[in-house]
Amino acid sequence: MTTQASIETLDLEDIQGLIMRTYPLPCARYVYVHVNDNISARNTLETLTNNHITSSSVWQDDTKGNANGIKQALNIAFTFKGLMALGLPASSLISFPTAFAEGMAKRKILLGDEGDSDPGKWDKVWRDSNADSKKAIHLWLAIFTADESTRDSYYNELAKLMKTGSGLTVLGFEDAGLFKDPKTSKYLNIEHFGYRDGISDIEFKGMPFQRIDGRGKLMPDGSWEPLATGEFLLGYPDESPEWPIAPIPHTLARNGTFMAVRKLHQNVASFRKYLDEQSPKFPGGKELLAAKFVGRWRDGTPLTLSPDKEDPVLTNDASLNNNFSYKNDMDGHRCPMGAHIRRMNPRDAMVFSKLADRRRILRRGFPYGTYTPEGQPVNDADEHGIMFLALNSSLERQFEFVQQQWVHYGNDFFQGDDKDPLLGNNEGKGKMVIQGDSETSRPPHICTNLPSFVNTRGGDYFFIPSLTALRQIAMGLVSTI
Amino acid sequence: MAINFSWFYKLTKPLNRILNKNGQAYNLTMLNPIKKDHADALRTTLAKIPVVDVDSPLANFPLTHFARFNVIDSLPFVGAPALYDHLQNQYLVFSCVFDTGNTNWRSVGSDLDAYLKQMFEAMPTEINSIWGHCVDFPEPLTLSAFQDFVKKYQIGGGFFFADYPNNTAEEARRALFEQKQFIDFVIKAQEISDHAQLKADFYQFSKNLADAPTPPPGSIFTSSVVKE
């Protein structure tokens, strides 16, 4: 007889912090690093791991639900080329999944990175990484801080560690973070199109937080449970329930995960122009049209719960703003069948919510660039976008599936080959059906000639190891024997 | 101990032939032994058939819903201990679904003859270059010899699932075509506020649609009948 140990507690001190939750730190800097010398690079990596890398143990909340006084954080991830450069044995390297080994650029057709999103048109640091082995991005360092000056000083401290002789070369970096309200200097949780961001976080088993309905998986009786740990961390049972496919040795994989980094440029001028031009044709007006694209009003209120207006009470209550299903909205008369959030997390929209449970991703993104308020002059070329981070156990089954089948195809939602109105590579030919409402006799409306509101400007696939695995990589102890 | 089931298959053959039909759709499956040392050449021939579109030789006879060829080498058992179920030959599998236009199970014989006649007339070169690699291929090739050859190597479809048992391939193409045209019309109609105008436009659209030819076999996409 076999027994199954319950996995209610995780080794928080072994798991990198950004996996567990978005830090309460509004400023980020993502640093792209090349390994030029294996031995000294591993020494530097050991120093970084012992003195800087932030684990999840800082996440023990106090009684008020606040994280305990974190001011700065550092996390690290590796590309496949990076693991090669650091000297992982071939017997371990060949055990990594194909998508990760190939890297994001080679998966461009599957991901819809064509036309203006083609890897040949990405930012220089990413193009160089794909074209020149001496400029390949091997390491991704993410600095998170409470303010910009701490970010600069912490970066300078780390840059000293990565000076000549460290085995590492900094290829470049990118800043991202929450926007600051120019009047109050407070940080705002919105993105460039004006939607509130960061509402739907995921809850999986073993997270040391209070449970919040709407964040895990929907059960047949309508209740919510945390998702299986193995959907987001290697070394634990997943939703199937099996062990997720993981590289060997076990200690290298356990408590680690995979991450898709995508620099997504937002064509803010095109987005606002489209809304302005199309909304007079749409009964319900501009804000409802913007809400129909996403499935939430711009303040975050879900259309399924509040189809007629924004609801500040609802949207500001974490126990309510994500706590809904499509049970009473199967025909999309509230949240359209092809709306962004319904594609990203269909909940019970495909009847069997189990189908959605295997396609979830943890999002840990921040916007970059300066927010241009509504009504002010804006160009598509302006620096606007999101540094999108998607964390999951399987890039193929989770991130890539969502990108291919749900962002760039609509058949699962009875939307033919319509793409996601916001993320889809629509190139001026996109179409979205906004289903009508038989109760109010609102007719269906079809949006046509949708441009690409978002273009990919860079990205790659990364492995986020545990602290144990980091030390093993640093000490050259990864062995499959 | 091997048990010989051939008597069972002889008994059930008439039933199997009837089961090849679901609604008006017919499932033809052939299992042809490939002549010794011909499999490589056959694979090359098959690889060079244009992908399924209007250029495919299979698009030249409109009864076909879909068709596929497979070459089978041998049957490995995946597991331990590793086993191969070695076949005496390599085999060519041809499997297709075609329209008979009737739901009468008694006509399965004449349905198949009619389809093979269409195939024989539409792709005689390909019949030679494909099945010519198979054992017993009739030479010289005549229609009746080809029909006999197919029936000799036909295997029963058994429990045949048809995507569209009651619709012909042409009806399916027509439906997809009309769906696309109708979406185009709805998009255009969103901008018409005058009811009389909408009605007039719809009548015009219906007429244009009725007059528009169905796209040829192997194609779906075509230009819009809705005027910009």
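A brief structural summary.

What about the overall build of chain B?
- Across its full length, chain B holds seven helices and seven strands.
- Along its sequence from the N terminus, chain B presents helices and strands in the succession α-β-β-α-β-β-β-β-α-α-α-β-α-α.
- A compact globule built from 228 residues would reach a C-alpha radius of gyration of about 17 Å, whereas chain B, at 23 Å, exceeds it by more than 25%.
- Based on the C-alpha atoms only, the size of chain B along its principal axes is roughly 80 × 45 × 40 Å.
- Here chain B holds 228 residues, and 35% of them are scored as buried.

Here we look at the nonpolar core
- Ranked by size, the top nonpolar core spans 118 residues in total, and within it Y30, W140, F144, F293 and F399 of chain A carry the most contacts.
- Not counting the four nearest positions on each side in its chain, F399 of chain A is found in contact with M104, L111, A260, R262, I361, F388, A390, N392, S394 and Y461 of chain A.
- Core analysis: the next-biggest nonpolar cluster, separate from the first, contains 32 residues, Y26, I49, L92 and F98 of chain B among them.

A few points about the environment of V51 of chain B
All names here are of chain B.
- Looking at where V51 falls in the secondary structure, it is placed in the loop between α2 (39–47) and β3 (64–72).
- On the basis of relative accessibility, which here comes to 64%, the residue V51 falls in the exposed class.
- In this structure, the C-alpha to C-alpha distance between V51 and V186, residues 135 residues apart in sequence, is 33 Å.

Remarks on the environment of S270 of chain A
Residue and element names in this part refer to chain A.
- As for its position among the elements, S270 is in helix α10 (residues 268–278).
- Residue class for S270 comes out buried when judged on its relative accessible area of 19%.
- The sequence separation of S270 and N392 amounts to 122 residues, and the corresponding C-alpha distance is 32 Å.
- If we skip the residues at most four places from it in the chain, S270 touches D380 and F453.

Observations regarding a nonpolar patch on the surface
All names here are of chain A.
- Taken together, the side chains of M330, V351, F352 and L355 define a hydrophobic patch exposed on the protein surface, amounting to about 400 Å² of accessible area.
- In this structure, M330 sits in the loop between α12 (312–315) and α13 (340–344).
- For M330, a relative accessible area of 33% gives the class partly exposed.

Re the pattern of salt bridges
Residues and elements named next belong to chain A.
- All told, the structure shown has 40 salt bridges over all chains when counted by the stated rule.
- Among the ionic pairs, D201 bridges to R364, the shortest N-O distance being 3.1 Å. Of this pair, D201 sits in the loop between β6 (187–188) and β7 (217–218) while R364 is found in the loop between β10 (362–363) and β11 (366–369), placing the two residues 163 residues apart along the sequence.
- Accessibility expressed as a relative area gives 15% for D201, which makes it buried.
- Relative accessible area serves as the criterion here: at 4%, R364 is assigned to the buried category.

Digging into the pairing of strand β9 (residues 257–266) of chain A
- For β9 of chain A, the buried fraction is high: ten of the ten residues fall into the buried class.
- Side chains of β9 of chain A alternate between two faces, with T257, M259, V261, K263 and H265 of chain A and F258, A260, R262, L264 and Q266 of chain A buried alike.

Details of the interface of chain B and chain A
- Across the contact, five residues belong to chain B and six residues belong to chain A.
- For the chain B and chain A pair, buried surface summed over both sides reaches about 430 Å², with 63% attributable to carbon and sulfur atoms.
- Contact with chain A buries surface across chain B, with I183, I187 and Q190 of chain B losing the most and accounting together for 77% of the total.
- Counting the contacts that link chain B with chain A gives one salt bridge.
- Notably, a salt bridge pairs K281 of chain A with E191 of chain B, separated by 4.0 Å at the nearest N-O pair.
- Summed over the shared surface of chain B and chain A, the number is one residue pair in polar contact (both at pLDDT 80 or more).

What counts and what doesn't
- Residues numbered from 1 in each chain as written.
- Chains lettered and ligands numbered in written order.
- Predicted model: local features only at pLDDT ≥ 70, side-chain atom pairs only at ≥ 80, totals over all residues.
- Heavy atoms only, no water.
- Helix = DSSP H or I, 4+ residues; strand = E, 2+ residues; numbered from the N terminus.
- Rg over C-alpha atoms; globule rule 2.2 N^0.38 Å.
- Buried < 20%, exposed > 50% of the residue type's maximum accessible area, 1.4 Å probe, protein only.
- Core = buried A, V, L, I, M, F, W, Y, C linked by side-chain atoms within 4.5 Å.
- Contact = heavy atoms within 4.5 Å.
- Patch = residues over 30% accessible without salt bridge, like charges linked within 9 Å, V, L, I, M, F, W, Y side chains within 5 Å.
- Areas by Shrake-Rupley, 256 points an atom, 1.4 Å probe, with all protein chains shown as cover.
- Salt bridge = Lys/Arg side-chain N within 4 Å of Asp/Glu carboxyl O.
- Buried area = accessible area lost by both parts, 1.4 Å probe.
- Polar contact = N/O pair within 3.5 Å; in protein donor to acceptor, adjacent residues only side chain to side chain.

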